[in-house]
Amino acid sequence: MASSTLIPPLGLGTYGRTGPQGVDAISTALEIGYRHLDTAQSYDTEATVGEAVRRSGLGRDAVFITTKVADTNLAPADFMASVRKSLDTIGVDQVDLLLIHWPVPQEVVPLESYMEALGQAREAGYARLIGVSNFTIALLERAQALLDAQALATNQVEIHPWLQVPKLRDFARGSGLQLTAYQPLVKGQVATDPVLMRIAEELGTGPAAVALAFLMAEGHIVIPASASRTNLQNNWDATTIILTPEHMDQIRRLDRGYRHINPAKSPRWDD
Ligand SMILES: NC(=O)c1ccc[n+]([C@@H]2O[C@H](COP(=O)([O-])OP(=O)(O)OC[C@H]3O[C@@H](n4cnc5c(N)ncnc54)[C@H](OP(=O)(O)O)[C@@H]3O)[C@@H](O)[C@H]2O)c1
C-alpha cells in the first residue's frame, strides 16, 4: 500500500469496469499513469481492480486502492466480514482507503455503530485511511465527533462544474476535510458545456480535462471513469492543465445545482 497520507488527486472510477474488458480498461489506465483506483463492494469491480494491479507488475505500494462498505453491510454482524471479503476479492492485505458508501437511517443501523466499526477496521490494519461517502454536513459533524479529530480522510460526493456544493465545500474547507468528486464528468455530459469547450479550445485540450483541472484546482480529488484509451489519456492530461483566475471564475459561474445521482436512500442534501 502507498505510505503517504495523501490521496492521489486524480484517480480512476471503476464503476462498470467488470470482467476481462474491465481489467483491460483499468490496465490501460495504469499504463497511462493512473495510481489511484476507486472500487466498491457494490460495483463488482474489486476483483478486476486486483487483477489489473497484479497484471501491471507495479508494487502494491505504488497504487492507492479505495473500496467502500455497502449500505447493506453496515450492521455489526456484517461489517467486518464484508471488509475481509473485500480484501480477499481484491487480493490485498490492506486497502489504502475504506469508505462508508452511503449513510443509512439511524433506525436501520445507528451511525455510532458503523463509525465505530470503521475505526476498528483501521485499527485491525484492514485500511490505512478511512472516510465516508454521500455524507451531509450534519452527518459529518456527528462522525467527526465520534472519531478522533482529522480521522476522516475524505467525503466522496457528487461534484462537477454544474454541482459545486458550496455549503458542503465551505464546511469541508473549514474543518480540513478533503472532498472527492464522484461522477465529475456527469457521465460525459460536461463535454458539451459551451464554456468548458471554449476554454478547452483556448488551451488546446478537451472540455472534460478542463472540468477535472477546475475541480482539482478547487482542492478536490477527482475519480473520472472511462473505458476508452483516448478519454483516459485526455482525463489524465488534466493533471498538467493550469487554469487562469479568469477561467476559474467563468467555471465557478456554471454551478446550477444539477444533481445527477439522487436515489431514494439519499440523505437530505445541503446544496
Ligand atoms: N460514492 C458514490 O456513491 C459514487 C457514485 C457514483 C460514482 N462513483 C465513483 O465515481 C466514478 C466516476 O463516476 P461515473 O463513472 O458515474 O461517471 P463520470 O466519470 O462522470 O463519467 C463517465 C462517463 O464519461 C465518459 N467520459 C469519460 N471521459 C470522457 C471524456 N474525456 N470526454 C467525453 N466523455 C468522457 C465515459 O465514456 P467512455 O467510457 O466512452 O470514455 C463514461 O460514459 C465511478 O466510476 C465510481 O468509481 C461513486
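Thresholds applied
- Residues numbered from 1 in each chain as written.
- Predicted model: local features only at pLDDT ≥ 70, side-chain atom pairs only at ≥ 80, totals over all residues.
- Heavy atoms only, no water.
- Helix = DSSP H or I, 4+ residues; strand = E, 2+ residues; numbered from the N terminus.
- Rg over C-alpha atoms; globule rule 2.2 N^0.38 Å.
- Buried < 20%, exposed > 50% of the residue type's maximum accessible area, 1.4 Å probe, protein only.
- Contact = heavy atoms within 4.5 Å.
- Salt bridge = Lys/Arg side-chain N within 4 Å of Asp/Glu carboxyl O.
- Pairing = 2+ DSSP bridges.
- Axes fitted to C-alpha atoms, helices over the stretch in contact; angles between N-to-C directions.
- Core = buried A, V, L, I, M, F, W, Y, C linked by side-chain atoms within 4.5 Å.
- Phe/Tyr/Trp six-rings, centres within 6.5 Å; stacked < 30°, edge-to-face > 60°.
- Lys NZ or Arg CZ within 6 Å of the ring centre and 35° of its normal.

Caption draft 1: Spatial organisation of the overall build of the chain. A tally of helices and strands in the chain yields ten helices and eight strands. Over its C-alpha atoms the chain spans a radius of gyration of 18 Å, differing by no more than 12% from the 18 Å that the globule rule assigns to 271 residues. With respect to the principal axes defined by its C-alpha atoms, the chain has extents near 55 × 40 × 35 Å. Counting all 271 residues of the chain, 55% fall into the buried class. Summarising the internal contacts of the chain: among those between residues at least 6 apart in sequence, 76% fall at separations of at least 24.

Caption draft 2: Structural context of the pattern of salt bridges. Counted according to the given criterion, the structure contains 13 salt bridges. In this structure, Asp24 engages Arg55 in a salt bridge whose closest nitrogen and oxygen atoms are separated by 3.2 Å. Separated by 31 residues along the polypeptide, Asp24 in helix H1 (residues 19-32) and Arg55 in helix H2 (residues 46-56) bring together distant segments of the chain. For Asp24, a relative accessible area of 41% corresponds to the partly exposed category. Residues Asp71 and Lys265 are paired through a salt bridge, measuring 3.4 Å at the closest nitrogen-oxygen approach. A residue pair is termed long-range when its members are at least 10 positions apart, and Asp71 in the loop between strand E3 (64-69) and helix H3 (76-90) and Lys265 in the segment after helix H10 (245-252) qualify at 194 residues. Judged by its relative accessible area of 24%, Asp71 falls in the partly exposed class. Look at the salt bridges and you will find they share partners, linking Arg169, Asp170, Arg173, Glu218, Asp249 and Arg252 into a network.

Caption draft 3: Here's a closer look at the environment of Leu10. Position of Leu10 relative to the elements: it lies in the segment before strand E1 (12-13). Looking at Leu10, the relative accessible area reads 3%, which means it is buried. Residues Leu10 and Ala213, 203 residues apart in the sequence, show an inter-C-alpha distance of 9.5 Å. If we skip the residues at most four places from it in the chain, Leu10 touches Tyr34, His36, Met216, Val222, Asn235, Trp236, Ala238 and Thr239.

Caption draft 4: Representation of the sheet that holds strand E6 (residues 152-158) within the structure. Across the sheet, which stays open at both edges, the eight strands sit in the order E1-E2-E3-E4-E5-E6-E7-E8 with parallel pairing between neighbours. Across the chains shown, the open sheet's two edge strands, defined by having one partner strand only, are E1 and strand E8 (221-222). Across two bridges, E1 lies against strand E2 (residues 36-38) in parallel orientation. Paired with Leu12 across the two strands is Leu37, which belongs to E2. Strand contacts of H3: E3 and strand E4 (95-100), with the helix running at about 145 degrees to E3, the strand carrying the most contacts.

Caption draft 5: Region of the structure containing the nonpolar core. Among the nonpolar cores identified, the biggest contains 79 residues, and Phe79, Ile100, Tyr114, Met115, Phe135 and Leu243 are the most heavily contacted of them. It is helix H8 (residues 207-217) that contributes the most residues to this core, nine residues altogether. Residues contacting Phe135, with those up to four places away along its chain left out, are Ile100, Pro103, Leu111, Tyr114, Met115, Leu140, Ala143, Asn155, Val157 and Leu168. Among the nonpolar cores identified, the runner-up in size contains seven residues, and Ile7, Phe64, Leu129 and Ile221 belong to it.

Caption draft 6: Looking closely at the packing of aromatic side chains. One pass over the structure, following the stated rule, counts four aromatic pairs. Taking the centre distance of 5.2 Å and the plane angle of 85 degrees together, the rings of Tyr15 and Tyr43 count as edge-to-face. On the criterion of sequence distance, the pair formed by Tyr15 in the loop between E1 and H1 and Tyr43 in the loop between E2 and H2 is long-range, its members being 28 residues apart. Among the residues examined, Tyr15 registers a relative accessible area of 53% and is labelled exposed. What makes Tyr43 buried here is its relative accessible area of 16%. Between Trp162 and Tyr258 the ring centres are 5.8 Å apart and the planes differ by 80 degrees, which places this aromatic pair in the edge-to-face class. Pair noted here: Trp162 is in the loop between E6 and helix H6 (166-174) and Tyr258 is in the segment after H10, with a separation of 96 residues, a long-range link. When the ring centre of Trp162 is taken as origin, the NZ or CZ atom of Arg256, which lies over that ring, is 4.3 Å away. Here the guanidinium or amino end of Arg256 rests over the ring plane of Tyr258, the centre of that ring lying 5.8 Å away.

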